[in-house]
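# Coordinate analysis (summary)
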Amino acid sequence: MNQCKTLLKKEWWINWKQLLLPVWVSLAFIGVCIIGLLIGLIKGKGITYFRMEGNFPPGFNNLFLFGSVQTLNIALGFLSIMVAIMLADNLINGGFKLKCEILHQSQPVSLTKILSSKYVFLILGSFIVYAVISFIGTLVITFTQMYFTSALFYFGFYAWLQSAVELFFTLIFVCSLFWFFACLFQRKSFFMGILTLIGIELAIKILNYTSALNIPSLLSYLSKFIKISSDPGFGKAMDLNVNTLISIVQANWKNILSNNTLLKLLYSAILTLGGSLFYKRRELI
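The structure contained in this document is the topic of the report that follows. All of these numbers come straight from a predicted model, not from anything done at the bench.

Counting its regular elements, the chain contains eleven helices and zero strands. Reading the chain from its N terminus to its C terminus gives the helix and strand order α-α-α-α-α-α-α-α-α-α-α. Out of the 285 residues in the chain, the part that is buried amounts to 40%. Counting every atom, the chain has about 16,200 Å² of accessible surface; 71% of that belongs to carbon and sulfur.

Dropping the structure here:
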């Protein structure tokens with residue numbers, strides 16, 4: 001246990017700047033917004049808010065809150081996944097790039113523990129950062145809209161919770177995919193991984209065209225597992241009452257925790273183990 005804690009601390013001290021990149025981007029965005037508001041106040045334009053008054057459909061304010069929080073989570077989720085992809089390459093190939101891979105692996109600890117600590121740091125570290133900043137953003141949006149539109153806290157919280165759960169499984173799958181490529185390619189693993197996927201897709205299309213085969217598209221198949229948020233399927237739900245909207249939100253758990261989720265976990269395990277086997281066979285530099 002002490003070895004695992006030490007390994008995780010090592011990964012933190014080496015990679016904390018990259019891990020916290022979504023925080024820096026969020027702070028920069030907030031800073032730009034604040035500067036814009038201050039400039040508006042200096043020019044005398046002030047800050048104007050509008051309450052939702054009039055004959056709006058009964059579900060409009062709650063749906064607007066749900067959609068606003070989901071939009072935030074999609075943006076932060078996309079950012080977190082991109083940072084995690086870069087982090088996967090740095091965790092696996094950082095020692096190789098700095099020509100100190102032999103030194104890192106000469107620690108009195110098994111290679112399995114070293115790889116496990118890197119993977120745990122990648123997944124949990126990336127998700128915790130995402131969860132914290134997205135939850136803070138959700139609270140800001142939710143309380144603002146509760147005050148100005150009389151929306152219910154329930155819809156803001158559940159939009160965050162369901163998106164976060166969906167993002168967690170997607171993050172595991174995407175990180176495992178690029179973990180595999182990082183273990184397979186020591187240089188430019190992200191671009192080599194993308195080129196590999198494109199090459200396989202082109203090969204499938206050529207075979208389908210020349211041999212009259214019907215091989216499914218790899219990229220189309222993978223796209224089913226790369227989701228950042230889950231749409232509860234409100235449709236034309238603005239005229240529905242609150243209880244009906246709550247029922248739709250609760251029913252959405254079946255879409256989030258579906259067979260696709262199990263396949264994500266299965267493929268993630270295969271990619272992680274496969275990548276680790278390739279890494280163990282590397283020639284150290």
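Resuming the write-up.
Where helix 6 (residues 153-184) contacts helix 11 (residues 259-280), the axes come no closer than 8 Å and their chain directions differ by 25 degrees. As far as their axial angle goes, helix 11 and helix 6 are roughly parallel. By crossing handedness, the relation of helix 6 to helix 11 is classed as left-handed. For the pair helix 6 and helix 11, the contacting residues are Glu-166, Phe-169, Thr-170, Ile-172, Phe-173, Ser-176, Leu-177, Trp-179, Phe-180, Cys-183 and Leu-184 in the first and Thr-261, Lys-264, Leu-265, Tyr-267, Ser-268, Leu-271, Thr-272, Gly-274, Gly-275, Ser-276, Phe-278 and Tyr-279 in the second. Class assignment of the residues belonging to the contact of helix 6 with helix 11 gives a composition of 13 nonpolar, eight polar and two charged.

What follows is about the packing of aromatic side chains. A full pass over the atoms with the stated rule returns 24 aromatic pairs. Following the ring pairs from residue to residue traces out a cluster consisting of Phe-135, Phe-143, Phe-153, Tyr-154, Phe-155, Phe-157, Tyr-158, Trp-160 and Trp-253.

A word on the pattern of salt bridges. As enumerated under the stated definition, the model contains four salt bridges in all. Among the salt bridges present, the one from Glu-201 reaches Lys-205, with a minimum N-O distance of 3.8 Å. Taken together, the residues span about one helical turn, with Glu-201 and Lys-205 both in helix 7 (residues 189-211) at a distance of four residues. Given a relative accessible area of 7%, Glu-201 falls into the buried group. Linked through salt bridges whose partners overlap, the residues forming this network are Lys-10, Glu-11 and Lys-118.

On the surface, Leu-21, Trp-24, Val-25, Leu-27, Phe-29, Ile-30, Ile-34, Leu-38, Leu-41 and Met-86 cluster together to form a nonpolar patch covering roughly 920 Å² of accessible area. When residues in the nonpolar patch are grouped by element, the largest group, nine residues, is from helix 2 (residues 21-42). By the element assignment, Leu-27 lies in helix 2.

Locating Trp-160 in the fold gives a position in helix 6. For Trp-160, a relative accessible area of 13% gives the class buried. Taking C-alpha positions, Trp-160 is 7.5 Å from Ser-134, a pair spaced 26 residues apart along the chain. What Trp-160 contacts, discounting residues up to four positions off in sequence, is Val-69, Asn-73, Ala-131, Ser-134, Phe-135 and Thr-138. A polar atom in the side chain of Trp-160 sits 2.9 Å from the side chain of Ser-134.

This part is about the packing of helix 5 (residues 111-149) against helix 6. For the pair helix 5 and helix 6, the least separation of the axes is 10 Å and the interaxial angle reads 155 degrees. As the angle between them shows, helix 5 and helix 6 are arranged roughly antiparallel. Crossing geometry of helix 5 relative to helix 6 is assigned as right-handed. For the contact of helix 5 with helix 6, the class distribution of residues is 21 nonpolar, seven polar and one charged.

So, on to helix 5. Residues separated by three or four positions in an α-helix point in the same direction, a consequence of the helix having 3.6 residues per turn. Taking 1.5 Å of rise per residue, 39 residues should cover 57 Å, and helix 5 covers 55 Å from first to last C-alpha, within 8% of that figure. Ser-150 sits one or two residues past helix 5 and shows a positive phi near 60 degrees.

If you check the backbone angles, Ser-150 has positive phi at about 60 degrees while not being a glycine. Following the sequence through the fold, Ser-150 ends up in the loop between helix 5 and helix 6. A positive phi angle is found at Lys-188, which is not glycine, with a value near 50 degrees. In this structure, Lys-188 sits in the loop between helix 6 and helix 7. Residue classification places Lys-188 among the exposed positions, given a relative accessible area of 64%.

Before going further, it helps to examine the environment of Tyr-267. With respect to the element layout, Tyr-267 can be found in helix 11. A sequence separation of 90 residues divides Tyr-267 from Leu-177, and the C-alpha atoms of the two residues are 8.6 Å apart. Sequence-distant contacts of Tyr-267, that is, excluding residues within four places in its chain, are made with Phe-173, Tyr-221 and Phe-225.

Rules used in this analysis
Positions within a chain are numbered from 1, following the residues in the order the chain's sequence is written. Note on the predicted model: pLDDT of at least 70 is required for a residue's local features to be given, and 80 or more for side-chain atom pairs to be given and counted; whole-chain, interface and lining totals, by contrast, use all residues. Calculation of side-chain values draws on the structure's entire complement of heavy atoms; hydrogens and water are dropped beforehand. In this description a helix means any DSSP run of H or I spanning at least four residues, a strand means any run of E spanning at least two, and both kinds are numbered starting from the N terminus. Residue burial is assigned from relative accessible area. The probe radius is 1.4 Å, only protein chains are included, and a residue is buried under 20% of its type maximum, exposed over 50%, and partly exposed in between. For every accessible area listed, the method is Shrake-Rupley and the probe measures 1.4 Å; residues are considered covered only by the protein chains on display. Only the stretch in contact is used when fitting a helix axis, every axis being a line fitted to C-alpha atoms; angles between N-to-C directions are given from 0 to 180 degrees. Any angle between 65 and 115 degrees counts as roughly perpendicular, while under 35 counts as roughly parallel, over 145 as roughly antiparallel, and the rest as oblique. Note on convention: near helix rotated counterclockwise from far helix by under a right angle means a left-handed crossing. Clockwise means right-handed. Residues count as neighbours in contact if any of their non-hydrogen atoms are within 4.5 Å of one another. Under the scheme applied, nonpolar residues are Ala, Val, Leu, Ile, Met, Phe, Trp, Tyr, Cys and Pro; charged residues are Asp, Glu, Lys and Arg; polar residues are all the others, including Gly. Each Phe, Tyr or Trp ring (for Trp, its six-membered ring) is paired with any other whose centre lies within 6.5 Å, and the angle between the two planes then decides the class: stacked below 30 degrees, edge-to-face above 60, tilted in between. One speaks of a salt bridge when a side-chain nitrogen belonging to Lys or Arg is within 4 Å of a carboxyl oxygen belonging to Asp or Glu. Residues qualify for a patch when their relative accessible area is over 30% and they have no salt bridge, like charges being joined within 9 Å and the nonpolar side chains of Val, Leu, Ile, Met, Phe, Trp and Tyr within 5 Å. Within 3.5 Å is the distance limit for a polar contact, defined as a pair of N or O atoms, with the added protein rule that one can donate a hydrogen and the other accept it, and that residues adjacent in sequence qualify only through two side-chain atoms. How far a helix is expected to stretch is found by multiplying one less than its residue total by 1.5 Å.

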